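# Reading the structure
If you want the building blocks of each chain, they are given just below.
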Amino acid sequence: MKPDLRKLERIGLPVLLGAILVGYGVLMFLSEGTHGGADDIGHYRRARYAFQFPSFFLYHWGKPLFTALSSPFAQFGFNGIRMFNVLCGTATVYVTYRTAKRLQIRLPLAALFLVLSSPLYVVLMLSGMTEILAGLVLALSIFLFFRSRYIGSAVLLSFLPFVRNEAVVILPLFLAGFALVRQWKAMPFLLAGFVFYSVAGSFHYDDLLWVIHEMPYKGNAAGIYGSGELLHYAREARYIFGMPLAVLIFAGFALWALEPFLHRSDKFQPRKEWLLRMLVAFLPFAVYFAAHSYVWWKGMGNSVGMSRVMVAVVPSAALLGAYGWDRLLALLPGRIPGREFLKHGLTVLLGAFLLTVPFRNYRIPVPLVGEQVIVKRASDWYADSPYRDVRIYYYNPFFTHFLNINPYDEERSHQFVHDREHPERNIEPGTLLFWDAHFSPNEGRLPLERLMDNPWFRLIHLERDKKPFTVLGGYEYEIYVFERLAEAEAPDNRALYGQYLAEILEAD
């Protein structure tokens, strides 16, 4: 008896989604580290303490919509906000699957598997970063569009820039899509998110245009973050999307362009649907990818060339890849026995392989690596030292995270010194200053020399690897712990550094 493939899919889908939720939830709890780095802790902080400081709900860098939706989960700690992303990721693969069906992709499970084949998507699911929610908002907006829920699609998409600011480049594609289907009344709703946050924030900022004026990514930050090759993200495709999805993306574009020529002209009728599929479902990935490539090439928009920003458009890329897979299978000879069953079987085999791709590119569960390891060591030293009850000044947000202290409790800690030209000012004697080679000289603009040659600070501890690694700005990553002295004693900090370094190099 011929198996009912639709029934099998209908029964298997809830089981598969449940397995995804549980499986990645377990991986999240087993992940001691996070791929999002210090930005991850920053987003968690604002979501965790937004009810205590409501202005965080309107803070651009923290992404207002992400903060609002994740804040209830963040009350349960860092794993709470990470579980929020696991839930968003699971919802995204389901919505992407449903959208693939609406696009009449005959093997929609491929879209589900392709989302989870993106190595960077999976590791960010195990973090508290914003890109996973951005992908969900985009996926839902595309789905609602093809369900003919045009106003709902426009409203939801209008809030996407409040999860990822640069996603504003996607809005014109939907505007063109609404024009193509003559849904003029939906167009103004693309401003709904901007209007909502403009009005809500005007009471705090006393500025109706605060959304524009408070934008943190204005100007040219190439002096700090640099610039790079135009093809930077293309070269990183293996680690962002995984090679299978990257190949199917190219196949999808090529086969979409060839589709009119693969049919006789009298059979190729749905030209509007053909254009809409590309415009609304596929091009969000391409336009977003091109925009980020350009700004990194030009050193604009505070871009640091981070690969993780591409995760926001993985659902669009997966739809394109699933379309490419569907079109490739359509090329199979029609006389093959059990042709449809073969297509489903090949898709399941492909899916099983795709689920392994992230594990081939990253260590999952995510361990502590790089800077996180060194900051953890310095935090453990502080917690076990005679100084454990004194106030600290720091730059790397991981310090308060590892020490499990409220970063907004000024009696326990303060981020950044008050005067970077004269760092001893307004810092009480006996407190400690943690200088790290990433955040202190870059974002903090505090050169090490202003502490090493400062008579008010004594070096009391050093953390680094025996073979240190290089971070932003070309610095070898080290953490220096200084004590603020009551009187200017001019300690020989360079000699102390040599002593501590020798102890590290001689240690087992």
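Summarised in this report is the structure supplied together with it.

### A closer look at the overall build of the protein
Within the protein one finds 23 helices and seven strands. For the protein, the C-alpha radius of gyration of 26 Å lies close to 23 Å, the compact-globule estimate for 508 residues. Reported as C-alpha extents along the three principal axes, the dimensions of the protein are approximately 90 × 55 × 40 Å. A total of 508 residues make up the protein; the buried ones form 53% of that total. In the protein, once contacts between residues fewer than 6 apart in sequence are set aside, the share between residues at least 24 apart is 75%. Summed over its atoms, the accessible surface of the protein is roughly 22900 Å², and 61% of this surface lies on carbon and sulfur atoms. Of the side-chain charges in the protein, 49 are positive and 43 negative, and the distance between the mean point of each set is 18 Å.

### Re the side chain of Thr-34
Take Thr-34: it is sitting in the loop between helix H1 (5-30) and helix H2 (37-48). Among the polar contacts listed, one links the side chain of Thr-34 to the backbone nitrogen of Gly-36, at a separation of 3.2 Å.

### Structural notes on the nonpolar core
The biggest cluster of nonpolar side chains holds 152 residues, and the ones touching the most others in it are Phe-241, Phe-434 and Phe-482. Apart from residues no more than four positions distant in its own chain, Phe-241 is found in contact with Ser-117, Ser-118, Pro-119, Phe-285, Phe-289, Met-310, Val-314 and Ala-317.

### Quick notes on the environment of Tyr-480
By the secondary structure assignment, Tyr-480 is in strand S7 (residues 479-484). On the basis of relative accessibility, which here comes to 4%, the residue Tyr-480 falls in the buried class. Along the primary structure Tyr-480 and Trp-435 are separated by 45 residues, whereas in three dimensions their C-alpha atoms are 5.1 Å apart. Not counting residues up to four positions away in its chain, the partners in contact with Tyr-480 are Leu-433, Phe-434, Trp-435, Leu-448, Met-452, Leu-459, His-461, Leu-462 and Tyr-497.

### Considerations on the packing of aromatic side chains
A complete count under the given rule lists 36 aromatic pairs for this structure. Aromatic pair Phe-53 and Phe-56: ring centres 5.6 Å apart, planes at 45 degrees, arrangement tilted. On the basis of relative accessible area, Phe-53 is assigned to the partly exposed category, the value being 28%. With a centroid separation of 5.7 Å and an interplanar angle of 10 degrees, the aromatic rings of Phe-469 and Tyr-477 are classed as stacked. With a relative accessible area of 24%, Phe-469 lands in the partly exposed category. Taken together through their ring pairs, the aromatic side chains of Phe-145, Phe-146, Tyr-150, Phe-174 and Phe-178 make up a single cluster. We note Arg-48 situated over the ring of Tyr-49; from NZ or CZ to the ring centre the distance is 4.9 Å. Positioned above the aromatic ring of Trp-297, the side-chain terminus of Lys-298 is 4.4 Å from the ring centre.

### Brief notes about the packing of helix H4 (residues 78-102) against helix H5 (residues 109-117)
Running from N to C, H4 and H5 point in directions that differ by 145 degrees, and their axes come no closer than 7 Å. Where H4 crosses over H5, the two elements pack in a sense that is right-handed. Here Val-93, Thr-96, Tyr-97 and Ala-100 of H4 lie close against H5, whose contacting residues are Leu-109, Ala-111, Leu-112, Val-115 and Leu-116.

### Remarks on unusual backbone geometry
Of the consecutive residues Ile-364 and Pro-365, the connecting peptide bond is found in the cis state with omega at 0 degrees. Along the chain, Pro-365 turns up in the loop between helix H19 (357-361) and helix H20 (371-384). You will see that Asp-206, though not glycine, has its phi angle at about 55 degrees, which is positive. With respect to the secondary-structure elements, Asp-206 resides in the loop between helix H10 (192-205) and helix H11 (210-213). One non-glycine residue, Asn-404, lies in positive phi territory at about 55 degrees. By the secondary structure assignment, Asn-404 is in the loop between helix H21 (398-403) and strand S2 (413-415).

What counts, and at which threshold
Residues numbered from 1 in each chain as written. Predicted model: local features only at pLDDT ≥ 70, side-chain atom pairs only at ≥ 80, totals over all residues. Heavy atoms only, no water. Helix = DSSP H or I, 4+ residues; strand = E, 2+ residues; numbered from the N terminus. Rg over C-alpha atoms; globule rule 2.2 N^0.38 Å. Buried < 20%, exposed > 50% of the residue type's maximum accessible area, 1.4 Å probe, protein only. Contact = heavy atoms within 4.5 Å. Areas by Shrake-Rupley, 256 points an atom, 1.4 Å probe, with all protein chains shown as cover. Lys, Arg positive; Asp, Glu negative; His and termini not counted. Charge placed at Lys NZ, Arg CZ, Asp CG, Glu CD. Polar contact = N/O pair within 3.5 Å; in protein donor to acceptor, adjacent residues only side chain to side chain. Core = buried A, V, L, I, M, F, W, Y, C linked by side-chain atoms within 4.5 Å. Phe/Tyr/Trp six-rings, centres within 6.5 Å; stacked < 30°, edge-to-face > 60°. Lys NZ or Arg CZ within 6 Å of the ring centre and 35° of its normal. Axes fitted to C-alpha atoms, helices over the stretch in contact; angles between N-to-C directions. Left-handed = near helix turned anticlockwise from the far one by under 90°.

Treat this as a map of the structure, not an account of what it does.
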